[in-house]
Amino acid sequence: KGSKMQLSKMLCRVTLLSASMWWLSYAEDEESNSRKSYDFERDVGGIPNDTTEETLRHNTATFTGFLKSDASYSSLYFANKTYHFYPGVYGRDIVDFHMYINGTLRFHRPDVIEAVPDTFVMDEKDTREIGRPWPCIFIEHS
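Residues numbered from 1 in each chain as written. Predicted model: local features only at pLDDT ≥ 70, side-chain atom pairs only at ≥ 80, totals over all residues. Heavy atoms only, no water.

Structural notes on the environment of Leu-105
Point 1. Within the secondary structure layout, Leu-105 lies in strand 6 (residues 104-107).
Point 2. Here Leu-105 falls in the buried class, since its relative accessible area comes to 18%.
Point 3. As for Leu-105 and His-84, which are separated by 21 residues in sequence, their C-alpha atoms are 6.1 Å apart. (Helix = DSSP H or I, 4+ residues; strand = E, 2+ residues; numbered from the N terminus. Buried < 20%, exposed > 50% of the residue type's maximum accessible area, 1.4 Å probe, protein only.)

Laid out in structure tokens, this is it:
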């Protein structure tokens, strides 16, 4: 019993240390001239704590849009909330990107097949057939 209690205390300390290290790192990114920091909710337009189909589509499109346009040389922070997505967040050719997750990113499989097409479109020039389950977040050539 004693070793389990010690392990539990040690894990708690590691968790607190990780949160402190994250905050220091995020603060450094905020102050850095070469890196722009974004909050998924405030700056990118993500919607937390909502599982409606509209929000799932919105968050998936918003995250993908961010990865396609603003991800290089930046940091993206997810607050201590739950953000719901469909699989299929996609980015490519991203350089020096940091992502900080303090909450939860939850991916839902569509209930209706038509909700997400069978062909996963990465961009206008590149389509591929991907068997299920689809990747939740797929970043390539980075």
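Topic: the pattern of salt bridges
Point 1. Scanning the entire structure with this criterion turns up six salt bridges.
Point 2. For Arg-35, the salt bridge identified is with Asp-96, shortest N-O distance 2.8 Å. Separated by 61 residues along the polypeptide, Arg-35 in the loop between helix 1 (2-31) and strand 1 (36-39) and Asp-96 in the loop between strand 4 (89-92) and strand 5 (97-101) bring together distant segments of the chain.
Point 3. Relative accessible area serves as the criterion here: at 38%, Asp-96 is assigned to the partly exposed category. (Salt bridge = Lys/Arg side-chain N within 4 Å of Asp/Glu carboxyl O.)

Overview of the nonpolar core
Point 1. Phe-40, Phe-63, Leu-76, Phe-78 and Phe-85 are the most contacted members of the largest nonpolar core, which totals 17 residues.
Point 2. If we skip the residues at most four places from it in the chain, Phe-63 touches Phe-40, Leu-76, Phe-78, Phe-85, Val-89, Met-99 and Ile-137. (Core = buried A, V, L, I, M, F, W, Y, C linked by side-chain atoms within 4.5 Å. Contact = heavy atoms within 4.5 Å.)

Brief notes about the sheet that holds strand 5
Hydrogen bonding along the main chain pairs the strands of a sheet, whether they run parallel or antiparallel.
Point 1. Strand order in the open sheet made by the three strands is 1-2-5, with parallel pairing throughout. Looking at which strands have only one partner, the edges of the open sheet turn out to be strand 1 and strand 5. If you compare each strand with its neighbour and ignore which way they point, the axes differ by 15° on average.
Point 2. In this sheet, strand 5 lies alongside strand 2 (residues 74-78) in parallel orientation, the contact comprising five bridges. When the bridges of strand 5 are listed, Phe-78 appears paired with Ile-101.
Point 3. Sheet strands in contact with helix 3 (residues 53-69) are strand 1, strand 2 and strand 5, and its direction is about 165° off that of strand 2. (Pairing = 2+ DSSP bridges. Axes fitted to C-alpha atoms, helices over the stretch in contact; angles between N-to-C directions.)

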